[in-house]
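So you can see what is in the structure, the chains are spelled out below.
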Amino acid sequence: MNKAKPFCISKKSVMAAWERVKANKGAFGVDEESIEDFVSNLKDNLYKIWNRMSSGTYFPPPVRAVEIPKSDGSKRLLGIPTVSDRVAQAVVKDYLEAIVEPKFHEDSYGYRPGKSALDAVGVARQRCWHQDWSIDIDIKGFFDNLDHELMMKAIKVHTNEKWIHLCIERWLKAPLQGKDGEQIKRERGTPQGGVVSPLLANIFMHHAFDKWMEKHFPGIKFERFADDILAHCSSLKQAEKVLGEIKIRLRECGLELHPGKTKIVYCKDTGRKGSYEHESFDFLGYTFRPRRSKKKDEKKYFVNFTPAISKRAANRIRKRNSELEDSFAK
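Below, the structure is looked at part by part. As the structure is a computational prediction, the values presented were derived from the model and not from experiment. (Residues numbered from 1 in each chain as written. Predicted model: local features only at pLDDT ≥ 70, side-chain atom pairs only at ≥ 80, totals over all residues. Heavy atoms only, no water.)

Another point: the overall build of the protein chain. Counting secondary structure elements, the protein chain contains 10 helices and 11 strands. Across the 330 residues of the protein chain, 45% fall into the buried class. The long-range fraction of contacts in the protein chain, counting pairs at least 24 apart against all pairs at least 6 apart in sequence, stands at 68%. Working note: accessible area of the protein chain is about 18,100 Å², and carbon and sulfur atoms make up 51% of it. Separation of charge centres in the protein chain, based on 60 positive and 45 negative side chains, amounts to 3 Å. (Helix = DSSP H or I, 4+ residues; strand = E, 2+ residues; numbered from the N terminus. Buried < 20%, exposed > 50% of the residue type's maximum accessible area, 1.4 Å probe, protein only. Contact = heavy atoms within 4.5 Å. Areas by Shrake-Rupley, 256 points an atom, 1.4 Å probe, with all protein chains shown as cover. Lys, Arg positive; Asp, Glu negative; His and termini not counted. Charge placed at Lys NZ, Arg CZ, Asp CG, Glu CD.)

Laid out in structure tokens, this is it:
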């Protein structure tokens, strides 16, 4: 550790961050430097990152903007940082994750060690059996609309380290750069594609949603995977009240629910009579809906509200398999 530097960041932490970035591979950023290019001058590259971060003079380059198609025909904008910037982000992520991870809600599943989308789907399946109603919550443009001021306020709740504050604030403000070299200034949001972005999203939603739900609706169970959320209620009246309050809360945090995708769903099965406008929802690649089922060693069928892979997810898998087959055939 260099005592002359204002911030104590170990060279070992930079090396460990590099090893993770190298293992994850990934595309080049605005400087068009690949992992292989970075390795060719590895010692100097890692020293520069450490030196600038520990002296407080690290300023991230612009983020390369890449559009990828979504299943609904629209496009998602990704921001690809340079290799060196991914290393710097990994240093901050490692430090900050160790602090916030023990504080996160047990029903927050996205981008967390030891948790997965399948865990969230499994818990949701059980809760839909016990609660008649679910709220399918979709946040409009979540990653594009994160409020920077609120984001920094949340970060400062968890750490007083000035170098963490400086780095995150600079990453939030780093411009997007398109193919033509034009730079887009950002005043809101954190680009999907960055190493630290998923953690920032979880910290933001920990305060904006998880802790708020614990305080105001402690009896309402939910599963959250980043910005995909399900909440479970015992009655339609309760679901309407909870959804109304969630709308207000997220609006206070600079976020808006998608009016066409957010809905209250009746988890209809054999024991639940009547019907409702919505009796199915998609969650993390699975469609939950009433399905004809049969218990083992019994001939009698019953209606069970349960998940199966969604049509969109199945189509993506078939398309990917077809592309792989084509590549092998060449």
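Moving on, we get to a negative patch on the surface. Among the surface-exposed residues, Asp-31, Glu-32, Glu-36 and Asp-37 lie close enough to one another that they form a single negatively charged patch. Looking at the element boundaries, Glu-32 is found in the loop between helix H1 (11–24) and helix H2 (35–40). Using a relative accessible area of 59% as the deciding quantity, one classes Glu-32 as exposed. (Patch = residues over 30% accessible without salt bridge, like charges linked within 9 Å, V, L, I, M, F, W, Y side chains within 5 Å. Salt bridge = Lys/Arg side-chain N within 4 Å of Asp/Glu carboxyl O.)

As a further point, take the pattern of salt bridges. On inspection of all chains with the given rule, the structure shows 14 salt bridges. Across the salt bridge formed by Arg-112 and Glu-101, the nearest N and O atoms sit 2.6 Å from each other. Placement of Arg-112 in the loop between helix H4 (83–100) and helix H5 (117–130) and of Glu-101 in the loop between H4 and H5 is noted, with a sequence separation of 11 residues between them. For Arg-112, a relative accessible area of 9% translates into the label buried. A salt bridge links Arg-188 to Asp-147; the nearest nitrogen and oxygen atoms lie 3.6 Å apart. Taken together, the positions of Arg-188 in the loop between strand S5 (183–184) and helix H8 (197–216) and Asp-147 in the loop between strand S3 (133–138) and helix H6 (148–158) put the pair 41 residues apart, joining distant regions of the chain.

Another point: unusual backbone geometry. Although it is not a glycine, Tyr-111 sits at a positive phi angle of roughly 55°. Its identity is not glycine, yet Leu-284 carries a phi of approximately 55°, on the positive side. Take Leu-284: it is sitting in the loop between strand S9 (281–283) and strand S10 (286–294). By relative accessible area, which is 22% here, Leu-284 ends up partly exposed.

Here the focus is the sheet that holds S3. Strand-to-strand pairing in sheets goes through backbone hydrogen bonds, with the strands running parallel or antiparallel. Pairing in this open sheet of 4 strands is antiparallel, and the strands run S6-S7-S3-S8 from one edge to the other. The open sheet is flanked by strand S6 (222–225) and strand S8 (263–266), the only strands paired with a single partner. Taken pair by pair, the neighbouring strands of this sheet meet at an average axis angle of 15°, ignoring direction. Where S3 meets S8, 4 bridges bridge the pair, whose relative direction is antiparallel. Each bridged residue has a counterpart across the sheet, and for Ser-134 the counterpart in S8 is Val-265. Its contacts with the sheet place H8 against S3, S6 and strand S7 (228–233), and it is angled at close to 170° to S6. (Pairing = 2+ DSSP bridges. Axes fitted to C-alpha atoms, helices over the stretch in contact; angles between N-to-C directions.)

Quick look at the packing of aromatic side chains now. What the rule picks out here adds up to 12 aromatic pairs. On the numbers, 5.6 Å between centres and 45° between planes, the contact of Tyr-47 with Trp-50 is tilted. Here Tyr-47 and its partner Trp-50 are both found in helix H3 (residues 42–55), 3 residues apart, which amounts to about one turn of the helix. You can call Trp-50 buried: its relative accessible area is 4%. (Phe/Tyr/Trp six-rings, centres within 6.5 Å; stacked < 30°, edge-to-face > 60°.)

Right, let's get into H3. The end-to-end C-alpha distance of H3 is 20 Å, a good match for the 20 Å that 14 residues give at a rise of 1.5 Å each. Among all positions in H3, only Asn-45, Leu-46, Ile-49, Trp-50, Met-53 and Ser-54 are buried. For H3, the angular spread of buried residues about the axis comes to 150°, placing them on one side. The inward-facing, buried residues of H3 contact H1, H2, H4 and helix H7 (162–173). (Expected span 1.5 Å × (residues − 1). Arc of directions from axis to C-beta.)

Under the counting rule described, the total for this entry stands at 0 disulfides. Cys-253 forms no disulfide, and the closest cysteine sulfur to it belongs to Cys-233, at a distance of 19 Å. The thiol of Cys-267 is unpaired, and the distance to the nearest cysteine sulfur, on Cys-128, comes to 4.0 Å. (Disulfide = S-S within 2.5 Å.)

Spatial relationships are all this shows, so hold off on functional conclusions.
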